[in-house]
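So the chains spell out like this:
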Amino acid sequence: MYAQQLFSRYFAEWIETYKRGAVTQITLNKYLMTLKQIKLLIPNTKVADLNRIVYQNLLNTYARTHERQTVLDFHHQLKAALSDAIEDGLLRKDPTRKAVIKGKAKQIEKVKFLNQAELKKLLNMLCLDHDHLLDYTILITAKTGLRFAEVLGLTVQDINFKQLVIDVNKTWNYKTKAGGFAPTKNDSSRRKIHIDWQLALQLKEFIDTSDHCEQSDSLLFIQGKRIHNSTVNSRLESLCIEAGIPVITFHGLRHTHASLLLYKGVSIASVAKRLGHANMATTQSTYLHIIQELETQDDSKIMQFLGSL
């Protein structure tokens, strides 16, 4: 019976059974986007109709308009559902076996991070007053590596000025019109980040002169008006152009923060903890090129030392 139902219906029920309430809203939205693609690309395909050729043709069609990494993510979500279908006896063979992942040519990536001199130029361009709240969000992420949602979720009580620490314990759901607090990306993202005295003074002055920051649970940057990621990126782009430096995204500030710390000799473990990564493997894969560069420098230092003995 279930094998004869449309795969789109099976996938929808699978999401409701196994994913809703078990994953974050952001992750759930990705599954729902995959469901939308299934309805679009194979609307009349039943579970029993799925074999390797049908599945490969699905991936090939999707790959015509998406990059390889996106196709791979699409494949992983489908494979998870189909694995359960096999487990439940709806399919005798795995249609995803030996699937070939294709994709259109990867677009030229924007610069992911700035060097120290470029970051200083950017920070000098910031207008730190109450008419430029977005500039404060740029400053905080440049100095802490916080995610955009983590910055927007900050309240007055999250800043400990005596210990110079920011307590990251929630995020702000900026992707919906209603907004509201949301959990951190993972357990490791709940963390306390040490800040420098200069940033502490800037935030203290901002809070002390803000009419909307009178209560300890007051949000620092959300004042009833929704803040879009695209709006901050637009502001950041104009600042980069004015400063005469490469244009980066807000997420690029997070990469900049981590990259500069690694170049200054901060351990991978400390950087991973500061970024809120679930494990060091994520940090290592993201900044592999920097780590390899530093290892080459270390090899040179090792040889110089050994040659002096």
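Residues numbered from 1 in each chain as written. Predicted model: local features only at pLDDT ≥ 70, side-chain atom pairs only at ≥ 80, totals over all residues. Heavy atoms only, no water.

### Some points on the packing of aromatic side chains
Applying the stated criterion across every chain, the model contains 12 aromatic pairs. On the basis of an interplanar angle of 50° and a centroid distance of 6.1 Å, the ring pair of F7 and F11 is categorised as tilted. Residue F7 and its partner F11 are located together in helix α1 (residues 7-19), separated by 4 residues, close to a single helical turn. Clustering of aromatic rings is evident, with ring pairs tying together F7, Y10, F11, W14, Y18 and Y31. Above the plane of the ring of F161 lies K204, whose end atom (NZ or CZ) is 5.9 Å from the centre. (Phe/Tyr/Trp six-rings, centres within 6.5 Å; stacked < 30°, edge-to-face > 60°. Helix = DSSP H or I, 4+ residues; strand = E, 2+ residues; numbered from the N terminus. Lys NZ or Arg CZ within 6 Å of the ring centre and 35° of its normal.)

### What to know about the nonpolar core
One finds L122, I138, I140, F206, L220 and L253 to be the most contacted residues of the largest nonpolar core, which totals 46 residues. Listing elements by their share of this core, those giving two or more residues are α5 (116-125), α6 (133-144), α7 (148-152), β2 (165-168), α8 (197-208), α9 (229-243) and α10 (250-263). At 7 residues, the largest contribution of residues to this core is made by α6. Apart from residues no more than four positions distant in its own chain, I140 is found in contact with G145, L146, V151, L154, L199, L203 and F221. In this structure, L28, I38, L58 and L91 belong to the second largest nonpolar core, which totals 27 residues. (Core = buried A, V, L, I, M, F, W, Y, C linked by side-chain atoms within 4.5 Å. Buried < 20%, exposed > 50% of the residue type's maximum accessible area, 1.4 Å probe, protein only. Contact = heavy atoms within 4.5 Å.)

### So, the pairing of β2
One ladder, built from 2 bridges, connects strand β1 (residues 159-160) with β2; its direction is antiparallel. Residue I159 lies in a different strand from β2, and its bridge partner there is I166. Counted between consecutive antiparallel strands, the loop separating β1 from β2 contains 4 residues, among which L164 sits at a positive phi close to 55°. Here 4 bridges tie β2 to strand β5 (residues 191-194), and the two strands are oriented antiparallel to one another. Residue pairing across strands places V168 opposite R191, the latter belonging to β5. (Pairing = 2+ DSSP bridges.)

### Here's the deal with the pattern of salt bridges
Applying the stated criterion across every chain, the model contains 10 salt bridges. K192 serves as the salt-bridge partner of D167, at 3.3 Å between the closest nitrogen and oxygen. Separated by 25 residues along the polypeptide, D167 in strand β2 and K192 in strand β5 bring together distant segments of the chain. Judged by relative accessible area, which is 58%, K192 ranks as exposed. One network of salt bridges, in which partners are shared, links R147, E150 and R191. (Salt bridge = Lys/Arg side-chain N within 4 Å of Asp/Glu carboxyl O.)

### What to know about the packing of helix α2 (residues 25-41) against helix α4 (residues 68-87)
Closest axis-to-axis distance for the α2/α4 pair is 10 Å, and the angle between their directions is 90°. It follows that α2 is roughly perpendicular to α4 by the angle criterion. Taken together, the residues of α4 that come into contact with α2 (itself represented by K30, Y31, T34, Q37 and I38) are F74, Q77 and L78. Residue classes in the contact of α2 with α4 are distributed as 4 nonpolar, 3 polar and 1 charged. (Axes fitted to C-alpha atoms, helices over the stretch in contact; angles between N-to-C directions. Parallel < 35°, antiparallel > 145°, perpendicular 65-115°, else oblique. Nonpolar A, V, L, I, M, F, W, Y, C, P; charged D, E, K, R; others polar.)

### Structural notes on the confidence of the model for the protein chain
Predicted coordinates in areas of low pLDDT are best not read in detail. Summing up the model confidence of the protein chain, the mean pLDDT is 92 and the portion of residues at 70 or higher is 97%. Per-element confidence in the protein chain is highest for β2, whose mean pLDDT is 97, and lowest for helix α13 (residues 288-307), whose mean pLDDT is 83. (pLDDT = per-residue confidence, 0-100.)

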